[in-house]
Amino acid sequence: MIATATFAAVFAALFVAHSVGDHWIQTQHQADHKGLPGWAGRIACAAHVATYTATAVVALAAVALVLDLPLHLGQVAAGLTVSAVTHYIADRRWPLRWLACKTGSERFWVLGAPRADHNDNPSLGTGAYALDQSWHHGWLLVAALIIAA
């Protein structure tokens, strides 16, 4: 029962930290450049993942302290590493697009995206965004399981 409650609290902390880190903490520069090819994109993405992970550390520490969770540093580090690495992979953008194409979801990936050389549909409601967020959520589950195990 303790492991179940710990998992639930850890997942909630990571889920909230994900939303805050991805939407509030991430800078506009990081958002605009993290998917670019070359070092500019890699550096912007790494900077975003660093602040994203720091947000997760703060959220997880707050929840662990308030709820007196029995967390172990090695498991926390392993879980946060899984979260950070998979977040970096997704936010470089091309790996998820490649995966969407390989799994038959290419049409969903481009759903709602502006046409080339147009800004006719700027929104958060794209297929690419939905696939990105579902990827992150799935890996947050894995990270929470590692941390709470």
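Residues numbered from 1 in each chain as written. Predicted model: local features only at pLDDT ≥ 70, side-chain atom pairs only at ≥ 80, totals over all residues. Heavy atoms only, no water.

K.L.:
What should I look at first to understand the overall build of the protein in this one?
P.N.:
Per the secondary structure count, the protein includes 7 helices and 0 strands. Put simply, the protein runs from its N terminus to its C terminus through helices and strands in the order α-α-α-α-α-α-α. By the burial criterion, 34% of the 149 residues in the protein qualify as buried. Considering only contacts within the protein whose residues lie at least 6 apart along the sequence, 71% involve residues at least 24 apart. When the accessible surface of the protein is split by element, carbon and sulfur atoms take 71% of a total near 8600 Å². (Helix = DSSP H or I, 4+ residues; strand = E, 2+ residues; numbered from the N terminus. Buried < 20%, exposed > 50% of the residue type's maximum accessible area, 1.4 Å probe, protein only. Contact = heavy atoms within 4.5 Å. Areas by Shrake-Rupley, 256 points an atom, 1.4 Å probe, with all protein chains shown as cover.)

K.L.:
Help me out: how do you make sense of helix α7 (residues 127–148) in this one?
P.N.:
For an α-helix the count is 3.6 residues per turn, leaving residues at separations of three or four pointing the same way. With 22 residues, α7 extends 32 Å between its outermost C-alpha atoms, agreeing within 8% with the 32 Å of an ideal straight helix rising 1.5 Å per residue. Buried within α7 are the following residues: Gly 127, Ala 128, Asp 132, Gln 133, His 136, Leu 140, Ala 143, Ala 144, Ile 147 and Ala 148. Residues of α7 that are buried in the fold lie against α1 (2–25), α3 (38–67), α4 (73–91), α5 (94–102) and α6 (106–110). (Expected span 1.5 Å × (residues − 1).)

K.L.:
It is not clear to me how the packing of aromatic side chains should be interpreted in this structure. Could you clarify?
P.N.:
The description of two aromatic rings rests on the distance between their centres and on the angle between their planes. Taken as a whole and assessed by the stated rule, the structure comprises 3 aromatic pairs. Measuring from centroid to centroid gives 6.1 Å for Phe 7 and Phe 11, while their planes differ by 25°, and the two rings are stacked. Of this pair, Phe 7 and Phe 11 both sit in helix α1, 4 residues apart, which is roughly one turn of the helix. Positioned above the aromatic ring of Trp 39 is the side chain of Arg 42, whose terminal nitrogen or guanidinium carbon lies 4.8 Å from the ring centre. (Phe/Tyr/Trp six-rings, centres within 6.5 Å; stacked < 30°, edge-to-face > 60°. Lys NZ or Arg CZ within 6 Å of the ring centre and 35° of its normal.)

K.L.:
What exactly am I supposed to notice about unusual backbone geometry here?
P.N.:
For residues besides glycine, phi is generally negative; the peptide bonds are generally trans as well. Although it is not a glycine, Asp 68 sits at a positive phi angle of roughly 55°. With respect to the element layout, Asp 68 can be found in the loop between α3 and α4. Judged by its relative accessible area of 66%, Asp 68 is exposed. A positive phi angle, near 75°, is found at Arg 93, a position not held by glycine.

K.L.:
Please explain the pattern of salt bridges as it appears in this structure.
P.N.:
As a working rule, side chains carrying opposite charge can pair if their charged atoms are close by. Taken as a whole and judged by the stated rule, the model has 2 salt bridges. For Lys 34, the salt bridge goes to Asp 91, with nearest N and O atoms at 3.1 Å. Here Asp 91 lies in helix α4 and Lys 34 lies in the loop between α2 (28–33) and α3, a separation of 57 residues in the sequence. The burial state of Lys 34 is the same as that of Asp 91; both residues are buried. (Salt bridge = Lys/Arg side-chain N within 4 Å of Asp/Glu carboxyl O.)

K.L.:
What is the right way to read the side chain of Thr 126 from this model?
P.N.:
Here Thr 126 lies in the loop between α6 and α7. A distance of 3.0 Å separates a polar side-chain atom of Thr 126 from the backbone nitrogen of Tyr 129. Those residues in contact with Thr 126 that sit more than four places away from it in its chain are Leu 111, Gly 112 and Ala 113. (Polar contact = N/O pair within 3.5 Å; in protein donor to acceptor, adjacent residues only side chain to side chain.)

K.L.:
Any chance you could explain the environment of Val 10 here in plain terms?
P.N.:
Mapped onto the elements, Val 10 comes out in helix α1. Residue class for Val 10 comes out buried when judged on its relative accessible area of 0%. Other than its neighbours up to four places away in sequence, Val 10 contacts Leu 60, Leu 69, Leu 71, Ala 144 and Ile 147.

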